[in-house]
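Residues per chain, in single letters:
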Amino acid sequence: MTTGIILALLAAIVALWFKSTKGRHTSPQKAAYNKEEAESFVRQLDKLGYFKYADASDLDSLKSNMLNSYNPYSELTSMWDEHTGTPKDYRYYFCDGETVYEQGGITDLLQDLQPTFDKLNFQCNVTGHFEVWDDKNQWLNHRITINGTKYVIFKNFTEMGWGEAPKRIAEILNAELTKQGKDEQIYLASGGNDGMLIFLTNELYQYIYSVLKDPYRKPLKLNEWAAVMEVEPMRPD
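Residues numbered from 1 in each chain as written. Predicted model: local features only at pLDDT ≥ 70, side-chain atom pairs only at ≥ 80, totals over all residues. Heavy atoms only, no water.

A.B. asks: With reference to specific residues and values, describe the sheet that holds strand S2 (residues 126-134).
C.D. replies: Strand order in the open sheet formed by three strands is S2-S3-S4, with antiparallel pairing between adjacent strands. Where the open sheet ends on each side, the last strands, each with one partner, are S2 and strand S4 (149-157). Between one strand axis and the next, the sheet turns through 5 degrees on average, direction left out of account. In this structure, strand S3 (residues 139-146) lies alongside S4, joined through six bridges in antiparallel fashion. By the bridge assignment for S4, Ile-146 is matched with Thr-149. Against the sheet, helix H5 (residues 105-120) engages S2, S3 and S4, with an angle of about 30 degrees to S3. Seen against the sheet, helix H6 (residues 164-179) touches S3 and S4 and runs at an angle of roughly 165 degrees to S4. (Pairing = 2+ DSSP bridges. Helix = DSSP H or I, 4+ residues; strand = E, 2+ residues; numbered from the N terminus. Axes fitted to C-alpha atoms, helices over the stretch in contact; angles between N-to-C directions. Contact = heavy atoms within 4.5 Å.)

A.B. asks: Would you mind going over the pairing of strand S6 (residues 196-201) in detail, with residue names and values included?
C.D. replies: Most of S6 sits inside the fold, with six of its six residues counted as buried. On S6, burial covers both faces: Met-196, Ile-198 and Leu-200 on one face and Leu-197, Phe-199 and Thr-201 on the other are all buried. Sheet analysis places strand S1 (residues 92-94) next to S6, joined by three bridges and oriented antiparallel. Counted as the bridge partner of Tyr-92 is Ile-198 from S6. Between the antiparallel neighbours strand S5 (residues 184-189) and S6 lie six residues, among them Ser-190 with a positive phi of about 55 degrees. (Buried < 20%, exposed > 50% of the residue type's maximum accessible area, 1.4 Å probe, protein only.)

A.B. asks: Residue-level account of helix H2 (residues 35-47), with values.
C.D. replies: Taking 1.5 Å per residue as the helical rise, H2 with its 13 residues ought to reach 18 Å, and the 18 Å between its terminal C-alpha atoms agrees with that figure. Three or more residues of H2 are buried, namely Ala-38, Phe-41, Val-42 and Leu-45. Projected down its long axis, H2 shows its buried positions confined to an angular sector of 90 degrees, all on one face. Set apart from the buried face of H2 by more than 90 degrees, the exposed residues are Glu-36, Arg-43 and Lys-47. Summarising the contacts, the buried residues of H2 are in contact with helix H3 (59-69) and helix H7 (202-211). Two or three places before Glu-36, at the opening of H2, Asn-34 has a side-chain oxygen 3.1 Å from that residue's backbone nitrogen. (Expected span 1.5 Å × (residues − 1). Arc of directions from axis to C-beta. Polar contact = N/O pair within 3.5 Å; in protein donor to acceptor, adjacent residues only side chain to side chain.)

A.B. asks: Got a sec to walk through the sheet that holds S5? Specific residues and values, please.
C.D. replies: Spatially, the three strands line up as an open sheet ordered S1-S6-S5, and their pairing is antiparallel. Of all strands in the sheet, those with a lone pairing partner are S1 and S5, marking the two edges. Sheet twist, expressed as the mean angle between neighbouring strand axes with direction ignored, is 25 degrees. The strands touched by H5 within the sheet are S1, S5 and S6, with S6 carrying the most contacts at an inclination of about 15 degrees. Where H7 meets the sheet, its contacts fall on S5 and S6, and the angle it forms with S6 comes to roughly 120 degrees.

Structure, rendered in structure tokens:
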């Protein structure tokens, strides 16, 4: 009896570890630093408006940071306000899948993204929020109303949604961004505790996608991101 319980606990721990490492990926740093390529990359980003939301006082340091850390086989870089965690480019946010999935994680993320919503003049009015774990059935039901539209995030969900939660709220926000005629959309990069979320125009996305090589680290459209990170498709509605 005791052995059976121990084995069950070990199996649960292994399953938890496997889920937490989904989306984590370490790839070799294949490219030596190339200053000309780095300068071209930052120059083109600037031309396409990547830094247009940044405060003027942060522009030089943001560009310098990206220039010095450029590596096509790595990830994008940014600088973040040490007190608020807000990216100084107002684009590239931390998006820890575990934190977003936990209770209150979605609404906390929306609050974190508010500085960029303000830059975009994007309205994100939450007027209804229901998030309940059912102990009897061991499932989660989670709904949210944004700008008058009711969205299901999870319905009778029994898994550990470290990938599903970021993907679903990104889908919802992209739908609302489109409704309001904004030319920015949300893309995801990396996963698990290393997840990132970024606002990009289609032009910026296409350019960054063409330059960065590692699919585990570069921004991806949501369905491609889910495939790369092995996030199972959901039909929450």
